[in-house]
Amino acid sequence: MVSQDKEIFKIENLEEYKKWITEQNWYQTIHLKQGLVTTGKLNTDSRIPWFDKFNFTNKTVLDIGCNSGQYSLYAKKAGARTVTGLDVNENRIYQAKMLALNEDIDVDFHLAGIDRAPEFGKFDIVICIAVVTEVENVLMALRSIRDATNKTAILEMDLARPLIYASSNKEWWKKDQKLSRLGRVAEMHRHKHAGWVIHPSLEMVLEIFGDDFELSFLGKGLRYNKIVLNRK
């Protein structure tokens, strides 16, 4: 982790920019100007053809769990009017701000978790990739996305198969009056970083978003399942 006040600066010399990129530890594989590429742990640019199917022109975009800003930068280059990126990792936000400045792409990055997403307002498009699956409070996470979405939510998350019917325990989620017992289908999985997490069913996701949304299940993505929710 790095301090929030770590200097964000313009690197005028190409070789110095290359050196800075090389010295960083990257998760995302990001193609930059002048043929530069970050050496990510995953081929995260393989999601770009999926994003190409959406119209970002003149849209407001929120990228929850933006990591080093790959999809935020993409959305802005694709014509978005404004783009906001959120992440809980200080070093990733530092990298994202550095890339935005040095790539001359206007994106607003903030150190914030998914629980704070609605504080930033409503957005035409909300991107949330591989975040819901890795937080303990999945109901909060889905509601945060819903409350921040004006038109379209683009998600990649894991789902119940289902194998475990959580509703067999009558006390489970009892206080959550917005979730019907018929929709209480989920799996519990142990995540190596987040501990025990819930994988909801498609029915649960749609019920949390409500009747104002239509859900499209698009199958397997890079890590989890691809889901799009569009406001009717």
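So, here's what we can say about the structure. (Residues numbered from 1 in each chain as written. Predicted model: local features only at pLDDT ≥ 70, side-chain atom pairs only at ≥ 80, totals over all residues. Heavy atoms only, no water.)

A word on the nonpolar core
One finds Trp20, Phe51, Phe56 and Ile127 to be the most contacted residues of the largest nonpolar core, which totals 37 residues. For this core, the elements supplying multiple residues, two or more each, are helix H1 (14-23), helix H2 (48-51), helix H3 (70-77), helix H4 (90-102) and strand E4 (123-129). Excluding residues within four positions of it along the chain, Trp20 makes contact with Ile11, Trp26, Tyr94, Gln95, Met98 and Leu99. Counting residues in hydrophobic clusters, the runner-up holds 30 residues, among them Val131, Leu159, Met204 and Phe209. (Core = buried A, V, L, I, M, F, W, Y, C linked by side-chain atoms within 4.5 Å. Buried < 20%, exposed > 50% of the residue type's maximum accessible area, 1.4 Å probe, protein only. Helix = DSSP H or I, 4+ residues; strand = E, 2+ residues; numbered from the N terminus. Contact = heavy atoms within 4.5 Å.)

Topic: the sheet that holds strand E2 (residues 82-87)
Strands sit in the order E3-E2-E1-E4-E5-E9-E8 across an open sheet of seven strands; the sheet is mixed. Sheet topology places strand E3 (108-111) and strand E8 (213-220) at the edges, where each strand pairs with a single neighbour. Strand-to-strand twist across the sheet, computed as the mean angle between neighbouring axes with direction ignored, equals 15 degrees. As paired strands, E2 and E3 are joined by four bridges and run parallel to one another. (Pairing = 2+ DSSP bridges. Axes fitted to C-alpha atoms, helices over the stretch in contact; angles between N-to-C directions.)

What to know about the side chain of Ser201
Mapped onto the elements of the fold, Ser201 is located in the loop between strand E7 (195-200) and helix H6 (202-209). Of the polar contacts made by the side chain of Ser201, one reaches the backbone nitrogen of Met204; its length is 3.1 Å. (Polar contact = N/O pair within 3.5 Å; in protein donor to acceptor, adjacent residues only side chain to side chain.)

Some details on the packing of aromatic side chains
Taken as a whole, this structure holds nine aromatic pairs when the rule is applied. Pairing Trp50 with Phe51 gives two aromatic rings, centres 5.5 Å apart and planes at 20 degrees, and the pair type is stacked. One exposure class covers both Trp50 and Phe51, and it is buried. For the pair Phe209 and Phe213, a centre-to-centre distance of 5.2 Å together with 80 degrees between the ring planes defines the contact as edge-to-face. Note on Phe209: relative accessible area 4%, which makes it buried. Residue class for Phe213 comes out buried when judged on its relative accessible area of 3%. Among the aromatic side chains, those forming a connected cluster through ring pairs are Trp50, Phe51, Phe54, Phe56, Tyr71 and Tyr74. In this structure, Lys6 packs its charged tip against the face of Tyr94, placed 4.4 Å from the ring centre. (Phe/Tyr/Trp six-rings, centres within 6.5 Å; stacked < 30°, edge-to-face > 60°. Lys NZ or Arg CZ within 6 Å of the ring centre and 35° of its normal.)

Some thoughts on H4
The end-to-end C-alpha separation of H4 is 18 Å, in line with the 18 Å expected for 13 residues at 1.5 Å each. Buried positions along H4 lie against H1, H3, E2 and E3. Its side-chain oxygen 2.9 Å from the backbone nitrogen of Asn91, Asn89 forms the N-cap of H4. Positive backbone phi, at 60 degrees, marks Asp104, one or two positions downstream of H4. (Expected span 1.5 Å × (residues − 1).)

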